[in-house]
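Structural features, examined
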Amino acid sequence: MANEPQKPNQQKNQQPSKQQPINRVYVRTFYDAGQQDSGISEEQDKMLKNYMYYLKLFPVVFLLVLIGLFYLILVLVKTSFPFYLLMGIFTMMFIREISTLWFASRMRNNIIRPLEHLQKGVEEVAGGNYGYTIDEEVPSSIGGLFDSFNKMSHELKDGQIIKEKYERNRNELIAGISHDLKTPITSILGYVEGINEGVANTEDKMQTYMDIIYNNAKYTNQLIDDLFLFSKLDINQVNYQFSEVGVKDYFEDIFVEKKIDLEEQGHKVSYQTVVEDDMVMAIDPKMIYRVVANIIGNAVKYNDKEQLDLKLKLTQLEGNDEGIHISITDNGAGIEEEQLDHIFDVFYRVDASRNKDIGGSGLGLSISRQLVEAHGGKIWAESEIGEGTTFHFTLVDQSSKMA
């Protein structure tokens, strides 16, 4: 019972929509163009068809009126009506009818016919044909309506492309997760089964089995960690911990750590820091460390030389006192030019075989790109086959985002 008093208000709110002028019909149709229903009611559609029907009948009506006028003149002539007065009346009526016919013709050519094309365009878009445009010269009075429709159609098309790309990436992500998780887990299960069945019957063999299980478990944990971070980045739920750091000291610490680690593996590492000693920037130290580690990790994994030669360089960003530029150069196999645009895509690997022995989740560079962009920077790569690859990324001070 409490809801009954509201019904008259609801009806009042609905009544104006039935009396919308014909131009408002199309404006509302734009809003509903993405839906299956174009937004035009049966009454509104009937009203438009009636307008068109009456306009088509107008030439017939005009002809009948002229015949009637001629008949009236004949009657008046027979009654000895003054000829000049009769011609004056006829001329005035003729001019009036001609003007009405001219106005109706202009109305049809400049408004009704363009609206017919507009209605067809709306039906095309409502049917899923995003990007459909109406290329017709129309008066400025409704030209803006056509421009708005074409703009809306292009935006819907762009949105559809983005949606399809996102859906494709999501499917590739699921496929990549399935592949990259199944391989190490299957390996772990196989070696555990071998241990249980007594296949590892010597201490050395047991140690080998345990090392393989450990490496596969470590790889799986890395993949899950990358997936967790990637999922948070994808929905913009990463809580960045921006803090001021001494740029030179911070990056030198990273470079020295990587230099010691890689030289223990027999590789060669050199670094150079060309920034002011007292330069301070607000960044997320943990996330930027991850970017550097991901790039260096890729250089190690895809190295085809007996000794990796890695060069790390930090410089101040040209033209920006609050930005820096980091480059990481290796002497690896290099990357094909057509692949450079894709290496930052999700699960993309230069090695098409997706061999797990190389390691990595296929998410490292994609994560790095998002982390760099969150710091107002850019990341890109330059490469020459057989000579090596240089990864570049820039960072901008994020003091304004500090809590």
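Bear in mind that the values here come from a model prediction, so they are computed numbers and not experimental data.

1. A look at the overall build of the protein chain
- The helix and strand inventory of the protein chain stands at nine helices and seven strands.
- Out of the 403 residues in the protein chain, the part that is buried amounts to 35%.
- When contacts within the protein chain are restricted to residue pairs at least 6 apart in sequence, those whose partners lie at least 24 apart make up 68%.
- Carbon together with sulfur atoms contributes 54% to the accessible area of the protein chain, which is approximately 25000 Å² in total.

2. Thoughts on the pairing of strand S7 (residues 388–396)
- By the criterion of burial, S7 is predominantly enclosed, with nine of the nine residues buried.
- The two faces of S7 match: Gly388, Thr390, His392, Thr394 and Val396 on one face and Thr389, Phe391, Phe393 and Leu395 on the other face are all buried.

3. Considerations on the sheet that holds strand S6 (residues 379–384)
- The strand order across the open sheet formed by five strands is S2-S4-S5-S7-S6, and the pairing between neighbours is mixed. Strand pairing shows two members of the sheet lacking a second neighbour, strand S2 (268–274) and S6, which therefore form its edges. Geometrically, the sheet is characterised by an average inter-axis angle of 15 degrees between neighbouring strands, direction not taken into account.
- Relative to strand S5 (residues 323–329), strand S4 (residues 309–316) is paired through six bridges, and the arrangement is antiparallel. Looking at the pairing, Leu312 lines up with Ile328 of S5.
- Here helix H7 (residues 247–264) sits on the sheet and contacts S2, S4, S5 and S7; the angle it forms with S2, its principal contact strand, is near 175 degrees.

4. Some details on helix H9 (residues 364–374)
- Burial analysis of H9 places nine of its eleven residues in the buried class, which makes it a mostly covered element.
- Among all positions in H9, only Gly364, Leu365, Ser366, Ile367, Ser368, Gln370, Leu371, Val372 and Ala374 are buried.
- Turning to H9, the residues buried within the fold contact helix H6 (203–234), helix H8 (285–301), S6 and S7.
- Phi turns positive, to about 70 degrees, at Gly376, one or two residues after H9.

5. What about the pattern of salt bridges?
- Summed over all chains, the structure comprises five salt bridges.
- The residue Asp225 makes a salt bridge to Arg290 at a minimum N-O spacing of 3.2 Å. Of the two residues, Asp225 is situated in helix H6 and Arg290 in helix H8; the sequence distance between them amounts to 65 residues.
- Asp225 sits in the partly exposed class, given a relative accessible area of 38%.
- Judged by relative accessible area, which is 18%, Arg290 ranks as buried.
- A salt bridge links Asp277 to Lys248; its shortest N-O distance comes to 2.7 Å.

6. A word on H8
- The end-to-end C-alpha separation of H8 is 24 Å, in line with the 24 Å expected for 17 residues at 1.5 Å each.
- Buried residues of H8: Met287, Ile288, Arg290, Val291, Val292, Asn294, Ile295, Ile296, Asn298 and Ala299, and no others.

7. Focus on the nonpolar core
- In terms of nonpolar packing, the biggest core is built from 46 residues, with Phe251, Ile324, Ile326, Phe393 and Leu395 touching the most fellow members.
- Top element by residues in this core is H8. It accounts for seven residues.
- Judged by nonpolar contacts, the second largest core, of nine residues, contains Leu115, Val122, Ile134 and Met152.

8. What to know about the pairing of S6
- Taken together, the six bridges between S6 and S7 define a ladder with antiparallel strand orientation. Note that in S7 the partner of Ala381 across the bridge is Phe391.
- Taking the residues that link successive antiparallel strands as the turn, the S6-S7 hairpin has three residues, and the phi of Gly386 there is positive, at about 85 degrees.

9. Considering the side chain of Asn294
- Mapped onto the elements, Asn294 comes out in helix H8.
- Owing to a relative accessible area of 17%, Asn294 belongs among the buried residues under this scheme.
- Beyond its immediate sequence surroundings of up to four residues, Asn294 is in contact with Gly364 and Ser368.

Rules behind the numbers
Residues numbered from 1 in each chain as written. Predicted model: local features only at pLDDT ≥ 70, side-chain atom pairs only at ≥ 80, totals over all residues. Heavy atoms only, no water. Helix = DSSP H or I, 4+ residues; strand = E, 2+ residues; numbered from the N terminus. Buried < 20%, exposed > 50% of the residue type's maximum accessible area, 1.4 Å probe, protein only. Contact = heavy atoms within 4.5 Å. Areas by Shrake-Rupley, 256 points an atom, 1.4 Å probe, with all protein chains shown as cover. Pairing = 2+ DSSP bridges. Axes fitted to C-alpha atoms, helices over the stretch in contact; angles between N-to-C directions. Salt bridge = Lys/Arg side-chain N within 4 Å of Asp/Glu carboxyl O. Expected span 1.5 Å × (residues − 1). Core = buried A, V, L, I, M, F, W, Y, C linked by side-chain atoms within 4.5 Å.

Read these as spatial facts, not as claims about activity.
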